Amino acid sequence: MTDNSSPTAASRRSFLRTAAFAGAGLATGAAQAQTPKPDPAITEVPDWTRYLGPGVQNAPYGSPSKFEKHIIRQDVEWLTASRESSVNFTPLHALDGVITPSGLCFERHHSGVAEVDPAKHRLMIHGLVDKPLVFTMEDLKRFPGRINHAYFLECAANSGMEWRGAQLNGCQFTHGMIHNVWYHGLPLKTLLDEAGVKPKGKWLLAEGADSAAMTRSIPMEKALKDCMVAWGMNGEALRPEQGYPLRLVVPGWEGNMWVKWLRRLEVGDEPWEQREETSKYTDLLADGRARRFTWIMDAKSVVTSPSPQAPLVQKGPNVITGIAWSGRGRMQRIDVTIDGGKNWTTARLDGPNMPLSMVRFYLDFDWDGREMLIQSRAMDETGYVQPTKEELRKVRGVNSIYHNNGIQTWLVRSNGETENVEIS
Ligand code: MTE
Ligand code: CO
């Protein structure tokens, strides 16, 4: 059977023709919809079909199509005092699948991007160890036991602006302090075993080589369980913004602990109580007290399309899609509602469902043009269910910045425009 005579191809052609005419009808008004103008995209032969394109080596390192140039990381200027101690956001509304392209991974740094020469970079392990060690990058890459893992990294401040109500119009801004990439490197345990942690060594201090010399205390149990020292992401070297040439990977735990430009690991017997774990990255409660150490990122999800930057454009068949993740393991189930929580439907997961890594969900549906209140609700394998924002506020008040994993609501208007709202 040739492709032309295949019933599937024929029905696909007629679906496309209908869709093209329907599109023309929307754009030019109902009167003309009956005798639609021919679609130039079908009748005209475009240049790219007539002329040779650029040859190989035109772009030795490839970049996206020029038609995608609006899909970029963006910052919110009023949010931070300077660009060096700031954050930009992953354009989640425009992405699919579970792996964040390296060039679109949000960046968060306290003293700008350190431009580290790998030949001059060293990793020191010292403190309560039998044998203090200093590694070059080459030493690390020769070390036996290399591994690959995909993990999400979420900044504890992700969705932090939403504690007091709906603020920012776009999942890029409300949820974009997250990325999910493959890491290539060594288990941290391998290096700690080589140095020989003394029995009293219950904590680890990780320090970066940037001018912030960012430091965090990590309990030894976690360090030995699944942390990584990574030099690669998504098949190539780390990007400078992500800590080139070496970063710490702390799966499922708040992004601040994933020290970039990693240069020093000190083994000690108690936490160091550094700035980033006392005055920052602690959860301030309603009564003014702060929680000590909230490391795990609880289960969370968000619908990425439709969303304010990805409105609906047409009635009929549409796809609701989004992402979910949990710092406690695998994702079990994601439910989606279009009526503000009255009815929930379990979404379809597609692609890998790896522990401590993002999953992608879809809900195919027919939109009749009615206003919708869309939400997603994640449940991880421990049975933990993503709370509403109100439930979170009851326990935490509104002084918080960090660890806001509340359910997000998008209002889709009947013209398809979508807005960040809250339902009380
Ligand atoms: N490590 C160093 N050395 N300096 C930093 O400013 N920022 C931390 C962490 N590691 C930071 C750092 C914070 S708050 C986060 S959320 C993550 O890195 C962000 O990682 P990314 O830039 O790859 O998104
Ligand atoms: Co952070």
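Our structure is the block above this text.
## What about the site of ligand 1?
Then comes step 1: Around ligand 1 lies a shell of 21 residues, among which F106, H110, D210, R247 and K260 are the nearest.
Then comes step 2: A distance of 2.7 Å is found between an oxygen atom of ligand 1 and a backbone nitrogen or oxygen belonging to F106.
Then comes step 3: Separating an oxygen atom of ligand 1 from a side-chain N or O atom of H179 is a distance of 2.9 Å.
Then comes step 4: Burial of ligand 1 by the protein chains amounts to 100% of its free accessible area of 530 Å².

## Brief notes about the packing of aromatic side chains
Then comes step 1: Here the structure, examined in full by the defined rule, presents nine aromatic pairs.
Then comes step 2: Seen from their ring centres, Y183 and W258 are 5.7 Å apart, and the 55° between their planes marks the pair as tilted. Taken together, the residues span a long stretch of sequence, with Y183 in strand 6 (residues 178–187) and W258 in the loop between strand 11 (247–249) and strand 12 (262–268) at a distance of 75 residues.
Then comes step 3: The class for Y183 is buried, based on a relative accessible area of 1%.
Then comes step 4: Ring pairs connect the aromatic residues W203, W253, F293 and W295, which therefore count as one cluster.
Then comes step 5: The side chain of R377 reaches across the aromatic face of W344, ending 4.0 Å from its centre.

## A few points about the environment of G255
Then comes step 1: Positionally, G255 belongs in the loop between strand 11 and strand 12.
Then comes step 2: Taking the C-alpha atoms as reference points, G255 and E154, separated by 101 residues in sequence, lie 5.1 Å from one another.
Then comes step 3: With residues up to four places along the chain from it excluded, the contact list for G255 reads L153, E154, C155 and A156.

## Some points on the sheet that holds strand 16 (residues 345–346)
Then comes step 1: Pairing within the open sheet is antiparallel, and its five strands lie in the order 16-15-19-20-21. This sheet does not close on itself; its edge strands, each paired only once, are strand 16 and strand 21 (418–421).
Then comes step 2: Examined bridge by bridge, strand 15 (residues 331–337) and strand 16 share two bridges and lie antiparallel to one another. Counted as the bridge partner of V336 is T345 from strand 16.

About the criteria used
- Residues numbered from 1 in each chain as written.
- Chains lettered and ligands numbered in written order.
- Predicted model: local features only at pLDDT ≥ 70, side-chain atom pairs only at ≥ 80, totals over all residues.
- Heavy atoms only, no water.
- Near = heavy atom within 4 Å.
- Polar contact = N/O pair within 3.5 Å; in protein donor to acceptor, adjacent residues only side chain to side chain.
- Areas by Shrake-Rupley, 256 points an atom, 1.4 Å probe, with all protein chains shown as cover.
- Phe/Tyr/Trp six-rings, centres within 6.5 Å; stacked < 30°, edge-to-face > 60°.
- Helix = DSSP H or I, 4+ residues; strand = E, 2+ residues; numbered from the N terminus.
- Buried < 20%, exposed > 50% of the residue type's maximum accessible area, 1.4 Å probe, protein only.
- Lys NZ or Arg CZ within 6 Å of the ring centre and 35° of its normal.
- Contact = heavy atoms within 4.5 Å.
- Pairing = 2+ DSSP bridges.

This is a description of form; function is not addressed.
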